[in-house]
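Remarks on the overall topology
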Amino acid sequence: MFSSAWNFVKRHKRKFIFAGAVVGGVYFLGKYAQKKIRELQEKEATEYIAQARRQFHFESNQRTCNMTVLSMLPPLKEAIVNQLNSESLTALLKTKPANKLEIWEDLKIISFTRTIVAVYSTCMLVVLLRVQLNIIGGYLYLDNSVGKNGTTALAPPDVQQQYLSSIQHLLGDGLAELMTLVKKAVQNSLGGLSLKQSLSLLELEQQLSWIRAEVEAGSQRSLSWFMLADDENALADQACGLTENDRMTIRLLNETRDMLDSPDFTTVLNACLNRGFSRLLDNLAEFFRPPPGDSAPSCAPDSLSAVSLPLAKIIPIINGQINTICSETPSHFVQDLLLNDQVKEFAANVYETFSAPQELQK
């Protein structure tokens, strides 16, 4: 029996060798495949954890953005009210002065100017801080990811403070220039209107559109200038020699300026301005409702022109809107801007750009 088996093996020797080679190859190939699959799974798990960590950091950064915007609204409101003080004019009117009509004309211009400036500056504040804090957020993510390996920090605390202090331009020189521009447009649009002239909400909307058109098309500078000074050598002018922190700050400011000059930023800012002025008109619409029992339904297409108010009655309504627009308590106006989808998407793109490792190669 053993002899027969041996003869069988000899006759089919090559087949057995081939089969063994195939089985061995399949075994080692299987082991290799298992190793590669395991490596791929480990890589995917690492990337997933990194992406989840990055997403968590981004979302945390957006909450910081929202809180920062709300904290900046009171000083913004104070800066506007201090320079466009309608309260002093209102107090004067109560004394029944001889130049009452002149004071009313001044009140008309100042009331509209400060409310329109409030809309512009609040929208600018929202989008500017979204850019600045997401640039910083992206660099902080990289610092936390690779900083432990001895790499120089991209955004140390002193640089962050110096960089973020540039927001003072919007609250100072930028705001003053914006006020001058808006006041001129308001004067051109409303200066000739009598206080007794009645305006419907539709006509008021048209007036605001004309003012916006003059502000946004008539300026020799882009709207981004009101948010960030265009002097790239501001720090260099203040010191004999630049420190490393100064150089980092200038780099951040230049990167911010590039973002503000981009078409995407212009699109997002315009979207915020459109939403802001739309919300302003929604707030004003509450004062243009038909009286109870009026036969004209408030939802009718022509309801915007169904009720008209004398300009003298519209002025106090307009004058008080700054309290809603620049409210540190989240109002519908501010929420509309903070939750705007285009703002969110733009913020994500900025963060993505500056939290990418390749930025380290700059």
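How each quantity is defined
Residues numbered from 1 in each chain as written. Predicted model: local features only at pLDDT ≥ 70, side-chain atom pairs only at ≥ 80, totals over all residues. Heavy atoms only, no water. Helix = DSSP H or I, 4+ residues; strand = E, 2+ residues; numbered from the N terminus. Buried < 20%, exposed > 50% of the residue type's maximum accessible area, 1.4 Å probe, protein only. Contact = heavy atoms within 4.5 Å. Areas by Shrake-Rupley, 256 points an atom, 1.4 Å probe, with all protein chains shown as cover. Salt bridge = Lys/Arg side-chain N within 4 Å of Asp/Glu carboxyl O. Phe/Tyr/Trp six-rings, centres within 6.5 Å; stacked < 30°, edge-to-face > 60°. Disulfide = S-S within 2.5 Å. Axes fitted to C-alpha atoms, helices over the stretch in contact; angles between N-to-C directions. Parallel < 35°, antiparallel > 145°, perpendicular 65-115°, else oblique. Left-handed = near helix turned anticlockwise from the far one by under 90°. Polar contact = N/O pair within 3.5 Å; in protein donor to acceptor, adjacent residues only side chain to side chain. pLDDT = per-residue confidence, 0-100. Expected span 1.5 Å × (residues − 1). Arc of directions from axis to C-beta.

Assigned secondary structure in the protein chain consists of 15 helices and two strands. For the protein chain, the residues scored as buried account for 43% of the 362 residues in total. Expressed as a percentage of contacts within the protein chain between residues at least 6 apart in sequence, the contacts between residues at least 24 apart total 85%. Counting every atom, the protein chain has about 20100 Å² of accessible surface; 56% of that belongs to carbon and sulfur.

So, on to the pattern of salt bridges. Inspection of every chain in the model, using the stated rule, returns eight salt bridges. We note a salt bridge from Glu 87 to Arg 114, for which the minimum N-O separation is 2.9 Å. Of this pair, Glu 87 sits in helix α3 (residues 86–93) while Arg 114 sits in helix α4 (residues 100–146), and the two are 27 residues apart along the sequence. Overall, the relative accessible area of 38% leaves Glu 87 in the partly exposed class. With a shortest N-O distance of 2.8 Å, Glu 105 and Lys 108 are connected by a salt bridge. You can see Glu 105 and its partner Lys 108 sitting in helix α4, three residues apart, about one turn around the helix.

Turning our eyes to something else, we now look at the packing of aromatic side chains. In total, this model carries four aromatic pairs according to the counting rule given. Centroid distance Tyr 139 to Phe 354: 5.6 Å. Interplanar angle 80 degrees. Geometry classified as edge-to-face. Of this pair, Tyr 139 sits in helix α4 while Phe 354 is found in helix α15 (residues 341–354), placing the two residues 215 residues apart along the sequence. Here Tyr 139 matches Phe 354 in class, with each residue buried. Centre to centre, the rings of Trp 225 and Phe 226 are 5.8 Å apart; their planes meet at 80 degrees, and the pair counts as edge-to-face.

Tallied over the full model, the rule gives zero disulfides. Free cysteine: Cys 272, not disulfide-bonded; nearest cysteine sulfur from Cys 123 at 5.5 Å. Residue classification places Cys 272 among the buried residues on the basis of a relative accessible area of 0%.

Packed helices, taken two at a time, are described by the angle their axes make and the gap between the axes. Running from N to C, helix α5 (residues 157–164) and helix α10 (residues 244–260) cross one another at 45 degrees; their axes reach a closest spacing of 9 Å. The pairing of α5 with α10 is recorded here as oblique in orientation. Here the hand of the crossing between α5 and α10 comes out right-handed. Listed contacts from α10 to Asp 158, Val 159, Gln 162 and Tyr 163 of α5 are Asn 245, Asp 246, Met 248, Thr 249, Leu 252, Leu 253 and Thr 256.

Another point: the side chain of Arg 114. Relative accessible area serves as the criterion here: at 2%, Arg 114 is assigned to the buried category. Side-chain polar atoms of Arg 114 contact the backbone oxygen of Leu 84, separated by 3.5 Å. Among the polar contacts made by the side chain of Arg 114, one reaches the side chain of Asn 319 at a distance of 3.1 Å. The residues contacting Arg 114, other than those within four sequence positions of it, are Ile 80, Val 81, Leu 84, Ser 86, Glu 87, Asn 319 and Ile 322.

A word on the environment of Leu 260. Along the polypeptide, Leu 260 turns up in helix α10. Under the relative-accessibility criterion, Leu 260 is labelled buried at 4%. Residues Leu 260 and Ser 222, 38 residues apart in the sequence, show an inter-C-alpha distance of 9.7 Å. Excluding its chain neighbours within four sequence positions, the residues that come into contact with Leu 260 are Leu 128, Val 131, Ser 224, Met 227, Leu 228 and Phe 265.

A positive phi is found at Lys 96, a non-glycine position, where the angle reads about 55 degrees. Inspection of the secondary structure assignment puts Lys 96 in the loop between α3 and α4. Overall, Lys 96 belongs to the exposed group, its relative accessible area being 73%.

It is worth spelling out the confidence of the model for the protein chain at this point. Taken residue by residue, the protein chain gives an average pLDDT of 82. The fraction at 70 or more is 74%. Low pLDDT, under 50, characterises residues 235–240; the stretch is placed with seven contacts to residues that sit more than four places away or in other chains.

With 14 residues, α15 should reach 20 Å at 1.5 Å per residue; the first-to-last C-alpha distance of 20 Å fits that figure. Along α15, the residues that are buried comprise Val 343, Phe 346, Ala 347, Val 350, Tyr 351 and Phe 354. Down the axis, α15 shows its buried residues gathered within 135 degrees of arc, on one side only. Of the residues in α15, the exposed ones pointing more than 90 degrees away from the buried face are Asp 341 and Glu 345. Where α15 begins, one side-chain oxygen reaches toward the backbone nitrogen of Gln 342, 2.8 Å away; that side chain belongs to Asn 340.

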